[in-house]
Amino acid sequence: MEEKLIEKILQPANLSIACREVVRNKGAGGVDGMKVSELEAYLHEHRTSLAEQIRNRNYHVQPIRGKEIPKGGGKMRLLGIPTAIDRMLQQAVLRVIMPRYEQAFSTYSYGFRPRRNTQQAVSKSLHYINSGYQHIIEIDHLKQFFDKVDHVLLLQLLYRKIKCKTKMCLIRRWLRAPLEKEGKLIKRRIGVPQGSPISPLLSNIMLHELDTEMERLGLRFVRYADDFSIYCKTKTEARDAGNRIYIYLRDKLKLPINREKSGIRRPVHFQILGYSFVPVFQKGVKGKYQLVVTRKRWKSFKAKLKEITRKTTPMSFDERIKKLHEVQRGWINAFKYAHIKGKLAELDGWLRNRLRYCIWSRFIGRRSLNGNGKN
């Protein structure tokens, strides 16, 4: 029965929708040089032969193109970019198997899932803190999580739920696809490449085991992808829970923790997904906290606005205003639950001054040109 799963994946309608999703997401091409814009024409011409290759397990996965992008703090993150064809096939697989896993995933897992977002994770964290669970185990950033996932363990977890040998063969080949970096092919025997459509689901399948263990222990937690935190009432309870989870990650999931970034925090020293916590200064209110935006996020937001309103940035005034609206709208939607009204008012005054300077500089420039013309 499970072998019928591959037929659902290869249905013309499913492949067509997957193709359109890859085209809509845009993105760079892979090692074969095919652009995303060429994908629909390729599928129209090769749909039958492509499906037959997969059914017979003769489909050859192309190497992944490695590309480094800035991570922040001067660090770089290595993305693995599959070919447009592999991205389409991964999207087709994702569309079929995601619903099966969604039913089993934890209520307290918020990353890369339909109808779930960062605001829900942050709201749950605030709820725990204001309910008295103010000793927080922060295991933020499993050390190189995506680079350390054990393939054998991950495939075993996949096979538990979906016993389709053809699909398993395809996923195994995606996991083992070599990485092309600076013209050299690098073998891969561990890790899930960031940048492929299926990698968020695969990481959630692996870390669902962690969610299950934390629920078994009766812990209160919030997880967003590889960032998770546990909330306890006392420091002793937090220390005990932290040690148990550390051992579970090391011995069962074979995932090392970055211990430098892990520890027990109080709310004022804790951050989650760009938010931090400050006490509520209100008469008669004790032990309650409210959300604010971290300094790092304010700094990066202000840097974007500064670039848009720099007088040397080649834009018309209308283009600046349009770009400012786009950036502000996205940022405010992301941080709408934080107390930011006062800081936004200050920012508004700073922006108006910069825009006036842009107008004045342009006016002076035009007068100079007209004056030179008269001479």
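Residues numbered from 1 in each chain as written. Predicted model: local features only at pLDDT ≥ 70, side-chain atom pairs only at ≥ 80, totals over all residues. Heavy atoms only, no water.

*Asks:* Even after reading the chapter, I still don't get the layout of surface pockets, so can you show me in this structure?
*Replies:* In this approach, a probe sized like a water molecule rolls over the atoms, and the result shows the empty space that is left. In this structure, the second largest pocket encloses a volume near 280 Å³. Taken together, 13 residues form the lining of the second largest pocket, with N25, K26, G27, R87 and G195 sitting closest to its centre. Of all the secondary-structure elements, those providing two or more residues to the lining of the second largest pocket are helix 2 (12-25), strand 2 (75-81) and helix 4 (84-102). Among the residues forming the lining of the second largest pocket, the class breakdown is 5 nonpolar, 5 polar and 3 charged. (1 Å grid on protein atoms, 1.4 Å probe; cavity = no way out; pocket = protein on both sides within 12 Å on 5 of 7 lines; lining within 4 Å. Points joined across faces, edges and corners; volume = space filled by probe spheres on them. Helix = DSSP H or I, 4+ residues; strand = E, 2+ residues; numbered from the N terminus. Nonpolar A, V, L, I, M, F, W, Y, C, P; charged D, E, K, R; others polar.)

*Asks:* Please explain helix 9 (residues 199-216) as it appears in this structure.
*Replies:* Quick reminder: α-helices carry 3.6 residues per turn. Residues three or four places apart thus point the same way. Helix length check: helix 9 (18 residues) gives 26 Å between terminal C-alpha atoms against 26 Å at 1.5 Å per residue, within 8%. Its maximal kink placed at L207, helix 9 deviates by approximately 30 degrees. Buried residues dominate helix 9, accounting for 14 of its 18 residues. (Expected span 1.5 Å × (residues − 1). Bend = angle between axes of the 7 residues up to and from the residue. Buried < 20%, exposed > 50% of the residue type's maximum accessible area, 1.4 Å probe, protein only.)

*Asks:* Whenever I open this one, empty space enclosed by the protein confuses me. Can you help?
*Replies:* Enumeration over the complete set of coordinates arrives at 2 cavities of 30 Å³ or more. Each pocket or cavity is described by its volume, and for the largest cavity that value is around 60 Å³. A class-by-class count of the residues in the lining of the largest cavity yields 8 nonpolar, 3 polar and no charged. A volume near 40 Å³ is recorded for the second largest cavity. Lining the second largest cavity we find I54, R57, Y59, T166, C169, L170 and R173. Of the residues forming the lining of the second largest cavity, the biggest block, 4 residues, is contributed by helix 8 (residues 165-176). The residue makeup of the lining of the second largest cavity, split by class, is 4 nonpolar, 1 polar and 2 charged.

*Asks:* Is there a simple way to explain a positive patch on the surface in this structure?
*Replies:* On the surface, K71, K75, R77, K261, K296, R297 and K304 cluster together into a patch of positive charge. At the level of elements, strand 2 and helix 11 (295-308) are the ones that each hand at least two residues to the positive patch. Counting residues per element, the positive patch draws most heavily on helix 11, at 3 residues. Among the secondary structure elements, R297 is positioned in helix 11. (Patch = residues over 30% accessible without salt bridge, like charges linked within 9 Å, V, L, I, M, F, W, Y side chains within 5 Å. Areas by Shrake-Rupley, 256 points an atom, 1.4 Å probe, with all protein chains shown as cover. Salt bridge = Lys/Arg side-chain N within 4 Å of Asp/Glu carboxyl O. Lys, Arg positive; Asp, Glu negative; His and termini not counted. Charge placed at Lys NZ, Arg CZ, Asp CG, Glu CD.)

*Asks:* Whenever I open this one, the sheet that holds strand 10 (residues 275-279) confuses me. Can you help?
*Replies:* By way of backbone hydrogen bonds, the strands of a sheet pair with one another, either parallel or antiparallel. One open sheet holds the 3 strands; their spatial order is 9-10-11, and the pairing between them is antiparallel. Looking along the sheet, the strands with just one partner apiece sit at the ends: strand 9 (271-272) and strand 11 (289-293). Pairing analysis gives 5 bridges linking strand 10 to strand 11, with the strands arranged antiparallel. Within strand 11, the residue paired with P279 across the bridge is Y289. (Pairing = 2+ DSSP bridges.)

*Asks:* For this particular structure, what's the right way to read the packing of aromatic side chains?
*Replies:* One pair of aromatic rings is described through two measures. These are the centre distance and the angle between the planes. Overall, the coordinates contain 11 aromatic pairs when judged by the stated rule. Seen in terms of ring centroids, Y231 and F270 are 6.1 Å apart; in terms of plane orientation they differ by 85 degrees. Their pairing is edge-to-face. Of the two residues, Y231 is situated in strand 7 (residues 227-232) and F270 in the loop between strand 8 (262-265) and strand 9; the sequence distance between them amounts to 39 residues. Overall, the relative accessible area of 1% leaves Y231 in the buried class. Under the relative-accessibility criterion, F270 is labelled buried at 2%. The structure contains a cluster of three or more aromatic residues connected by ring pairs, namely Y275, W298, F301, W331 and F335. In this structure, K163 packs its charged tip against the face of Y159, placed 5.8 Å from the ring centre. (Phe/Tyr/Trp six-rings, centres within 6.5 Å; stacked < 30°, edge-to-face > 60°. Lys NZ or Arg CZ within 6 Å of the ring centre and 35° of its normal.)

*Asks:* Sorry if this is basic, but what is going on with the sheet that holds strand 7 here?
*Replies:* The antiparallel open sheet is built from 4 strands, whose spatial order is 6-7-3-8. The sheet is open, and its two borders are formed by strand 6 (220-224) and strand 8, each paired with just one other strand. Each adjacent strand pair in this sheet contributes to an overall mean axis angle of 15 degrees, direction not counted. Of the pairings in the sheet, the one linking strand 6 to strand 7 comprises 5 bridges and is antiparallel in character. When the bridges of strand 7 are listed, Y224 appears paired with D227. Helix 5 (residues 118-130) rests against strand 3 (135-139), strand 6 and strand 7 of the sheet, and its axis sits at about 160 degrees to strand 6. (Axes fitted to C-alpha atoms, helices over the stretch in contact; angles between N-to-C directions. Contact = heavy atoms within 4.5 Å.)

*Asks:* I keep staring at the pattern of salt bridges and nothing clicks. Help me out?
*Replies:* Think of it this way: side chains of opposite charge can pair up when their charged atoms draw near. Counted by the stated rule, this structure contains 14 salt bridges. The shortest N-O distance in the salt bridge between E52 and R55 comes to 3.3 Å. Here R55 and E52 lie together in helix 3 (residues 39-55), a separation of 3 residues that amounts to about one turn. Here E52 falls in the partly exposed class, since its relative accessible area comes to 38%.

*Asks:* Even after reading the chapter, I still don't get helix 11, so can you show me in this structure?
*Replies:* An ideal rise of 1.5 Å per residue puts 20 Å on 14 residues; helix 11 measures up with 20 Å between its terminal C-alpha atoms. Residues of helix 11 that are buried: W298, F301, L305 and I308. Down the axis of helix 11, the buried set is contained in an arc of 85 degrees. They therefore lie on one face. Exposed side of helix 11, more than 90 degrees from the buried face: R295, K296 and K299 are the residues found there. (Arc of directions from axis to C-beta.)

*Asks:* Whenever I open this one, the packing of helix 2 against helix 4 confuses me. Can you help?
*Replies:* The relative placement of two packed helices is expressed as an angle between their axes plus a distance between the axes. Following both chains from N to C, one finds helix 2 and helix 4 inclined at 120 degrees, their axes separated by 8 Å at the closest point. As summarised for this structure, helix 2 and helix 4 are arranged oblique, according to the angle between their axes. Considering the relative orientation of helix 2 and helix 4, their crossing is right-handed. Residues N14, L15, I17, A18, C19, E21 and V22 of helix 2 lie in contact with helix 4, whose contacting residues are A84, R87, M88, L89, Q91, A92, R95 and V96. A breakdown of the residues in the contact of helix 2 with helix 4 according to their chemical character gives 10 nonpolar, 2 polar and 3 charged. (Parallel < 35°, antiparallel > 145°, perpendicular 65-115°, else oblique. Left-handed = near helix turned anticlockwise from the far one by under 90°.)

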